[in-house]
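Inside the fold
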Amino acid sequence: MTESAGAFRCGHVAIIGRPNVGKSTLVNRLVGERISITSKKAQTTRHRVAGILTTPDAQLILVDTPGFQTRHRSRLNERMNRLVTESLATVDAVVLVVEAGRTVPADRAVIDLVPRRIAAVAALNKVDALADKNELLPQIAALAALRPFAAIVPLSAAKGTALTSLVAEVRALLPESPPLYDADEITDRDERFLAAEFVREKIFRLLGEEVPYQTTVAIEEFRHEGDLRRIRATIYVDRDNQRAILIGAGGAKMKEIGAAARADLERLFGGKVFLELWVRVRKGWIDDDGALTRLGYS
Ligand SMILES: Nc1nc2c(ncn2[C@@H]2O[C@H](COP(=O)(O)OP(=O)(O)OP(=O)(O)O)[C@@H](O)[C@H]2O)c(=O)[nH]1
Ligand SMILES: [Mg+2]
């Protein structure tokens, strides 16, 4: 039988790139829901999380990954980098995300990670923020010289520009296959994981440069009581002073984090959420392999 353009295609697609280029924003935009956390800070994503996009003729399982770091400072960073390389071993295609107008050495390090046998599309993200669109052509030429990309697509994940072109280019790289997930599924992760991540997102968004990087979130209890989800989470920090910053004067910061996370979770789960947050100090967790594994890092 000859291959027909209308055949259903399905496969795993790794979304990779250096930190902060907009990988998670892109996944969310494609899926149409916020399932992967995002922030202005680099290294927001620490886990592999898939967003699922189902169209009439394809299912793209978009595997969001941590930003690849050319220099790691902790055992956690090492694990994050390992996740990126491991993700590449099991996907059908890759979307390499770089910033439009700017290819830096850290981008080239990511390109070098992708085995030549895996087809890759380059997404030049944040075109909306590029003042001079003339910079795109030389960047496209330079990228094409680094490896044979199946396509190079300038786009904006934040504004939703050119995403249909990206989907069409990626779809063409996937094998003919029936869908692996139901059409209404949007992620491979459970509510427990998402709850921990959204608390962590608020910490990344609402606190300064130091504390978020020394913080992790563990769900202690997740109970359904009718339509209500009762969630108890512990936020771990490295030091006492970070605990104080996180709680804030009179508990104000903690309240703000809790309210923002709860609002997102209620929207995502479509039901009421009762969220109880505790803060504990666990010194050195970020460099302790046993603690990292217990805290849910693969
Ligand atoms: N102007 C503009 N900003 C964007 C766009 N896409 C993402 N951003 C911003 O870039 C920042 C980083 O976005 P993320 O999606 O968290 O980036 P990431 O690559 O997943 O980052 P890590 O997980 O830390 O590696 C956020 O402040 C986003 O709002 C875009 O198309 N245009
Ligand atoms: Mg991310």
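Look above for the structure.
The shown structure was predicted, so the numbers you read here are calculated from the model rather than taken from an experiment. (Residues numbered from 1 in each chain as written. Chains lettered and ligands numbered in written order. Predicted model: local features only at pLDDT ≥ 70, side-chain atom pairs only at ≥ 80, totals over all residues. Heavy atoms only, no water.)

**Quick word on the site of ligand 1**
We count it as follows: We call a residue near a molecule or strand when any one of its heavy atoms sits within 4 Å of it. Within 3.5 Å is the distance limit for a polar contact, defined as a pair of N or O atoms, with the added protein rule that one can donate a hydrogen and the other accept it, and that residues adjacent in sequence qualify only through two side-chain atoms. Only the protein chains shown count as covering a residue, and every accessible area follows the Shrake-Rupley method with a 1.4 Å probe. Every helix listed is a DSSP run of H or I at least four residues long, and every strand listed is a run of E at least two residues long, numbered separately from the N terminus. Amino acid classes used here: Ala, Val, Leu, Ile, Met, Phe, Trp, Tyr, Cys and Pro are nonpolar; Asp, Glu, Lys and Arg are charged; the rest, including Gly, are polar.
Surveying the vicinity of ligand 1 reveals 23 residues, the closest of which are Lys23, Thr25, Gln43, Thr44 and Asp128. A distance of 3.3 Å is found between an oxygen atom of ligand 1 and a backbone nitrogen or oxygen belonging to Ser39. Out of a free accessible area of 650 Å², ligand 1 has 86% covered by protein chains. Here the shell around ligand 1 gets three residues from one element, more than from any other, and that element is helix α1 (residues 23–31). Each residue belonging to the shell around ligand 1 can be placed in one class, and the counts come to six nonpolar, twelve polar and five charged.

**Observations concerning the packing of helix α7 (residues 240–247) against helix α8 (residues 252–269)**
Helix-helix packing is described using two parameters, namely the angle between the two axes and the distance between the axes. Put simply, the rule is: Fitting a line to C-alpha atoms yields each axis, with helices limited to the stretch in contact; the angle taken between N-to-C directions then spans 0 to 180 degrees. In what follows, a contact means two residues having at least one pair of non-hydrogen atoms within 4.5 Å.
Interaxial distance between α7 and α8 falls to 5 Å at its minimum, and their mutual angle equals 65°. Contact with α7, carried on its side by Ile245, Leu246 and Ile247, involves Ala252, Lys253, Met254 and Ile257 of α8 and no other residues of that element. For the contact of α7 with α8, the class distribution of residues is six nonpolar, no polar and one charged.

**Side note on the environment of Asn81**
In plain terms, the rule: Relative accessible area decides the class of each residue, using a 1.4 Å probe on protein chains only: under 20% of the type maximum gives buried, over 50% gives exposed, and in between gives partly exposed.
Mapped onto the secondary structure, Asn81 falls in helix α2 (residues 75–89). Residue Asn81 is classed as buried on the basis of its relative accessible area, which comes to 7%. Residues Asn81 and Ile231, spaced 150 residues apart in sequence, show a C-alpha to C-alpha distance of 30 Å. Sequence-distant contacts of Asn81, that is, excluding residues within four places in its chain, are made with Gly67, Phe68, Gln69 and His72. Of the polar contacts made by the side chain of Asn81, one reaches the backbone oxygen of Gln69; its length is 2.8 Å.

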